[in-house]
Amino acid sequence: MALRWRISALVAAAACAVAAAVGVLVHEFSRDRELSQARESARVTLDRAAVTYTRTGEVQGSGAALDAPGLPGDLRDLVEQGRRGTEFTTGPAGPAMWAARPAGSRVLSVRVDLTTTMRDIGALDASIVVAGLITTAVVLPLGVLTAGRMSRRLRTAAGTARRIAAGDLDARIAAGPRPRDEIADISTAVDTMAGALQKRLLGEQRFTADVAHELRTPLMGLVTAAELLPEGEAAGYVRDRVRVLGTLVEELLEISRLDAGAEHADMSPCPVGPLVREVVARSGPATTVVGADDADGHTDGDAGAATVRTDSRRLERILTNLVVNAHRHGRAPVVVTVSDDGRTVTVRDHGPGYPRTLLDDGPQRFRTGARERGTGHGLGLTIALGQAQVIGATLEFGHAPDGGALATLRLPAVPPPAGADPAGLAEC
């Protein structure tokens, strides 16, 4: 149940409880007061009748009666003991207050009819119920309105927090100052946290970009020096390490551009099949392409000629990283599958699959996951995910039903311009 309805139900329950409590208190107070007044009136009438009976031996006109047939039995027993008393009864004749006392060998009693009084108390109870219902009907909408405003403010705060968690570091709640308002305090705290987090992340991004830029100059010197080394095993090892370092620097620069939002897609129609085969051709013979018209993995005729509107350079970068990651961390064969419309491309290997941390949290920089997935600096999938966001695609990671890692790239459904030349599409 939403918070607003919980608060509304609480307000309604509180209003009903207050109305019921007030009604019970008023009912009991009114009833006790009327009974006290009736008891006092009966006693006064009884005393006057006793004086008259003592003087004249008659009770006519005094409001009392001798040995009244309707006298309650308990009260009669009390009088027979030589005592006086009163008792409230509700019998067939209606509610009444009795007062009795000894009168020689007889019982002198007075009956005060309370039918009208009890009817008035019943009417008062009905009025209290109506007043409680009216109060609840008035208070409940106000409670719903107040709870709705609180719920909207909390939902705004939660939505902003989710946007920040999704990467929108500029998102703010921007709640106005409200003294002694806990929701405003929470909103201010979230905005303060977001600002501090943004400064810290931007500082880290600038640091990464600065480090990558500063490394390029000495790296060029290393490349030149490595080329001047005499041929041999040591020289080959140095050149390989320099090449790895150069790749790492270029990837750090690419990530810094993605973080800064400096990358923009250059969208144009492009056939996906040929692009996939070009990427696979560079990866080695252990990669198989399966497409709508290319089920056996060979490149025959116009196989995979479906076109999409995308940035071919970035799409190539994404597919290259996925295929390289599959070969580096998985096991052959690596299978790349293109859907009929060219909008979905999957890359799977037959290795141990992605680690659970990657499936739960996504690719993490400088983290390769499980030990059995091999070594590397862990930037390939991060770059692929960032480039997919630039071109508006979605990149999902999972496990194939029969084992192995499965990466699924879904391109946005943007049709090519009407009347586009198929010959020109092949040159994207």
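Computed from a prediction, not measured in an experiment: that's the story for all the values here. (Residues numbered from 1 in each chain as written. Predicted model: local features only at pLDDT ≥ 70, side-chain atom pairs only at ≥ 80, totals over all residues. Heavy atoms only, no water.)

Draft legend 1. Expanded view of helix α7 (residues 312-329). With 18 residues, α7 extends 25 Å from end C-alpha to end C-alpha; this agrees with the ideal 26 Å at 1.5 Å per step. Three or more residues of α7 are buried, namely S312, R314, L315, I318, L319, N321, L322, V323, N325, A326 and H329. For α7, the N-terminal cap is D311; the gap from its side-chain oxygen to the backbone nitrogen of R313 is 3.1 Å. (Helix = DSSP H or I, 4+ residues; strand = E, 2+ residues; numbered from the N terminus. Expected span 1.5 Å × (residues − 1). Buried < 20%, exposed > 50% of the residue type's maximum accessible area, 1.4 Å probe, protein only. Polar contact = N/O pair within 3.5 Å; in protein donor to acceptor, adjacent residues only side chain to side chain.)

Draft legend 2. The confidence of the model for the chain, seen in detail. Averaged over all residues, the pLDDT of the chain is 82; the fraction at 70 or higher stands at 89%. Contacts from residues 294-304, a stretch scored under 50 in pLDDT, to residues over four places away or in other chains number 16 contacts. The model gives residues 415-428 a pLDDT under 50, and that stretch makes 16 contacts with residues more than four places away or in other chains. (pLDDT = per-residue confidence, 0-100. Contact = heavy atoms within 4.5 Å.)

Draft legend 3. Here's a closer look at the sheet that holds strand β4 (residues 106-113). Ordered by their spatial adjacency, four strands build an open sheet running β1-β4-β3-β2, and the pairing between neighbours is antiparallel. Looking at the sheet topology across the chains shown, the edges are occupied by β1 (64-66) and β2 (85-91). Recorded for the sheet is a direction-independent mean angle of 30° between the axes of neighbouring strands. Relative to β4, strand β3 (residues 94-103) runs antiparallel, the two sharing eight bridges. Bridge pairing in β4 links P102 to V107. (Pairing = 2+ DSSP bridges. Axes fitted to C-alpha atoms, helices over the stretch in contact; angles between N-to-C directions.)

Draft legend 4. Quick peek at the side chain of Q198. Take Q198: it is sitting in helix α4 (residues 182-228). When its relative accessible area of 16% is taken as the criterion, Q198 is described as buried. Sequence-distant contacts of Q198, that is, excluding residues within four places in its chain, are made with L169, D170 and R172.

Draft legend 5. Structural context of the pairing of strand β7 (residues 307-310). Residues V308 and T310 line the buried face of β7, whereas the alternating positions T307 and R309 sit on a face that is not buried. Across four bridges, strand β5 (residues 268-271) lies against β7 in antiparallel orientation. The partner of S268 across the bridge, within β7, is T310.

Draft legend 6. How the structure looks around the packing of aromatic side chains. If you walk through the whole model with that rule in mind, you get one aromatic pair. Ring geometry for Y354 and F397: centres 5.4 Å apart, planes at 80°, overall edge-to-face. Here Y354, found in the loop between β9 (344-348) and α8 (356-361), pairs with F397, found in strand β10 (residues 394-399); they are 43 residues apart in sequence, far enough to count as distant. Taking relative accessible area as the criterion, F397 reaches 17% and is therefore assigned buried. (Phe/Tyr/Trp six-rings, centres within 6.5 Å; stacked < 30°, edge-to-face > 60°.)

Draft legend 7. Looking closely at the sheet that holds strand β6 (residues 287-290). Pairing is mixed across the open sheet formed by five strands, whose spatial order is β6-β8-β9-β11-β10. Looking at the sheet topology across the chains shown, the edges are occupied by β6 and β10. Strand after strand, the sheet turns through a mean of 15° between neighbouring axes, direction not considered. Where β6 meets strand β8 (residues 334-338), four bridges bridge the pair, whose relative direction is parallel.

Draft legend 8. Focus on the packing of helix α5 (residues 233-259) against helix α9 (residues 380-390). At a minimum axis distance of 10 Å, the contact between α5 and α9 shows a crossing angle of 35°. Between α5 and α9 the crossing geometry is left-handed. Along the contact surface, α5 presents E251, E254, I255 and L258, while α9 presents T382, I383, G386, Q387 and V390. When its residues are assigned to classes, the contact of α5 with α9 shows four nonpolar, three polar and two charged. (Left-handed = near helix turned anticlockwise from the far one by under 90°. Nonpolar A, V, L, I, M, F, W, Y, C, P; charged D, E, K, R; others polar.)

Draft legend 9. Spatial organisation of the pattern of salt bridges. Inspection of the entire model under this criterion finds 17 salt bridges. For the salt bridge of E231 with R239, the shortest nitrogen-to-oxygen distance reads 3.5 Å. Relative accessible area serves as the criterion here: at 70%, E231 is assigned to the exposed category. Residue classification places R239 among the buried positions, given a relative accessible area of 16%. Note that D240 is salt-bridged to R241, the shortest N-O span being 2.6 Å. What makes D240 partly exposed here is its relative accessible area of 24%. (Salt bridge = Lys/Arg side-chain N within 4 Å of Asp/Glu carboxyl O.)

Draft legend 10. Broad picture of the side chain of S62. For S62, the position within the fold is in the loop between α1 (3-56) and β1. A distance of 2.6 Å separates a polar atom in the side chain of S62 from the backbone oxygen of V59. A distance of 3.4 Å separates a polar atom in the side chain of S62 from the backbone nitrogen of A64. Leaving out residues up to four positions away in the same chain, S62 has contacts with T45 and A49.

Draft legend 11. Looking closely at unusual backbone geometry. Here the bond from A332 into P333 is cis, since omega is 0°, no more than 30 degrees from zero. The phi dihedral of D67 falls on the positive side, at around 50°, and the residue is not glycine. With relative accessibility at 33%, the residue D67 sits in the partly exposed group.

Draft legend 12. The pairing of β2, seen in detail. In this structure, β2 lies alongside β3, joined through seven bridges in antiparallel fashion. Residue pairing in the sheet places T90 in a bridge with P95 of β3. The loop that links β2 with its antiparallel partner β3 comprises two residues.

Draft legend 13. Molecular detail of a nonpolar patch on the surface. Together, V130, I134, V138, V139 and L142 give the surface a local cluster of nonpolar side chains, amounting to about 430 Å² of exposed area. Tracing the chain through its elements places V138 in helix α3 (residues 115-165). (Patch = residues over 30% accessible without salt bridge, like charges linked within 9 Å, V, L, I, M, F, W, Y side chains within 5 Å. Areas by Shrake-Rupley, 256 points an atom, 1.4 Å probe, with all protein chains shown as cover.)

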